[in-house]
Amino acid sequence: MNPKDLGTKAANTWCPGCGNFAILNAIKPVIAELDEEGLVPVENVVLVSGIGCHAKIVDYVNANSFYTIHGRTIPVATGIKLANPDLTVICFAGDGDAYAEGLDHLIFAAKRNVDITTIIHDNRVYGLTTGQYTPTSPSGFKGRSTPAGLEVPPINPLEIVFASGGTFIARGYSHGIELLKDVFREAILHRGFSFVDVLQVCATFFNLYEYYNERVYALEEHDPQDAARAEEKMREWDYNSDGSIPLGIFYKKEDATFGDNFVKYRSKISDLEGAIKKTMEGYI
Ligand code: SF4
């Protein structure tokens, strides 16, 4: 399959220079490649998006898709996966979507190890509503709702997902499409909850290209199975400092998925029901 076959006729309304283009241009070849290799047939792919500029991505990819409401991409994606485990579910969410309204869903998906891929378009601003601060906006951020500068520090989403039990944790940048492709491919093939925070620049309301270009670097000779080292790397940049910003796969671990545990639980319930039935029969 050619990535061009995944294009649609929908008019693209993202601003020129928006980092969302890089995510779109990275995910299409990965979906096409996985289909071509017979690893993930395109008809089994379901894209889920939330509310925000990012959400339009599902209009621009010719695959099964589902638009959800704000902050609820992950529970919808979880339901789709549980209903049909043969599907490959890729969830797109913004930083406002996933780290504000939907933070509890993110934590629980990581804790349960739901077998879905979550890609966050983390532009650190509410772009669609013209520039309010989000949980990852840095201190001092001046926007529509904080004209004098934000007084609270940002969260580090990688650390939150790690602390919640996430089994695949990565960071990409919208000015590095080859790295994005590699990370997306690995994330989709990972069995379990895979989380990719993409530093996706909002060219209109929070243009951080220069800031990131001076600081990002790709992780090399890093063992993603070394949990202590992974945590150290996640803390290297706290979303507020002037430190260097590592990109790539920080952490990866194999573990039972929510689906595996759900099947186990159902079988225990059946055993329990059988035992209760037998006991009751003794009284009748
Ligand atoms: Fe992209 Fe920002 Fe424009 Fe939204 S407002 S399309 S995030 S550049």
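Keep in mind the model is a prediction, meaning the values are calculated, not measured.

Participant: Whenever I open this one, the nonpolar core confuses me. Can you help?
Facilitator: Side chains of a nonpolar character, in soluble globular proteins, are inclined to be buried together. Counting 44 residues, the largest nonpolar core has I169, F193, F195, L199, Y212 and M234 as its most contacted members. The dominant element in this core, judged by the number of residues it contributes, is strand β8 (residues 245–252), at four residues. When residues no more than four places from it in sequence are discounted, the contact partners of F195 are Y99, L106, T118, I120, P157, L158, V161, F168, I169 and A170. Among the nonpolar cores identified, the runner-up in size contains 33 residues, and L6, L24, L34 and Y60 belong to it.

Participant: Would you explain the site of the ligand in this entry?
Facilitator: Taken together, W14, C15, C18, C53, N123, G127, Q200, C202, A203, T204 and F205 form the complete shell of residues around the ligand. Among the residues making up the shell around the ligand, the classes are represented as seven nonpolar, four polar and no charged.

Participant: When you look at helix α8 (residues 227–235) in this model, what are you seeing that I'm missing?
Facilitator: Residues that lie three or four places apart on an α-helix share one face, since the helix turns once every 3.6 residues. Of all the residues in α8, the buried ones are A230, K233 and M234. Mapping the buried residues of α8 onto a view down its axis gives an arc of 100°, with all of them on the same face. Capping the start of α8 is the job of one residue whose side-chain oxygen sits 3.3 Å from the backbone nitrogen of A228: D226.

Participant: Explain the packing of helix α1 (residues 20–36) against helix α6 (residues 177–189) to me, please; I cannot follow it from the model alone.
Facilitator: Angle between the axes and distance between the axes: these two values describe a pair of packed helices. The interhelical angle for the contact between α1 and α6, taken along N-to-C directions, is 50°, at an axis separation of 9 Å. Comparing their axes, α6 and α1 come out oblique. Here α1 runs over α6; the crossing is right-handed. Listed contacts from α6 to A22, I23, N25, A26, I27, P29, V30, E33 and L34 of α1 are I177, L180, K181, F184, R185, I188 and L189.

Participant: Whenever I open this one, the sheet that holds strand β1 (residues 45–49) confuses me. Can you help?
Facilitator: Paired through their backbone hydrogen bonds, the strands of a sheet run either parallel or antiparallel. Taken in spatial order, the eight strands make up an open sheet running β2-β1-β3-β4-β6-β5-β8-β7, and their pairing is mixed. Two strands in the sheet have a free side with no partner beyond their single neighbour: β2 (64–67) and β7 (216–218). Going from strand to strand, the sheet's axes swing by 20° on average, the running direction of each strand aside. Both strand β3 (residues 88–94) and strand β4 (residues 117–122) contribute to a ladder of five bridges, which runs parallel. The partner of C91 across the bridge, within β4, is T118. Along the sheet, α8 contacts β5 (168–173), β7 and β8; its crossing angle with β8, the most-contacted strand, is approximately 150°.

Cut-off values and rules
Residues numbered from 1 in each chain as written. Predicted model: local features only at pLDDT ≥ 70, side-chain atom pairs only at ≥ 80, totals over all residues. Heavy atoms only, no water. Core = buried A, V, L, I, M, F, W, Y, C linked by side-chain atoms within 4.5 Å. Buried < 20%, exposed > 50% of the residue type's maximum accessible area, 1.4 Å probe, protein only. Helix = DSSP H or I, 4+ residues; strand = E, 2+ residues; numbered from the N terminus. Contact = heavy atoms within 4.5 Å. Near = heavy atom within 4 Å. Nonpolar A, V, L, I, M, F, W, Y, C, P; charged D, E, K, R; others polar. Arc of directions from axis to C-beta. Polar contact = N/O pair within 3.5 Å; in protein donor to acceptor, adjacent residues only side chain to side chain. Axes fitted to C-alpha atoms, helices over the stretch in contact; angles between N-to-C directions. Parallel < 35°, antiparallel > 145°, perpendicular 65-115°, else oblique. Left-handed = near helix turned anticlockwise from the far one by under 90°. Pairing = 2+ DSSP bridges.

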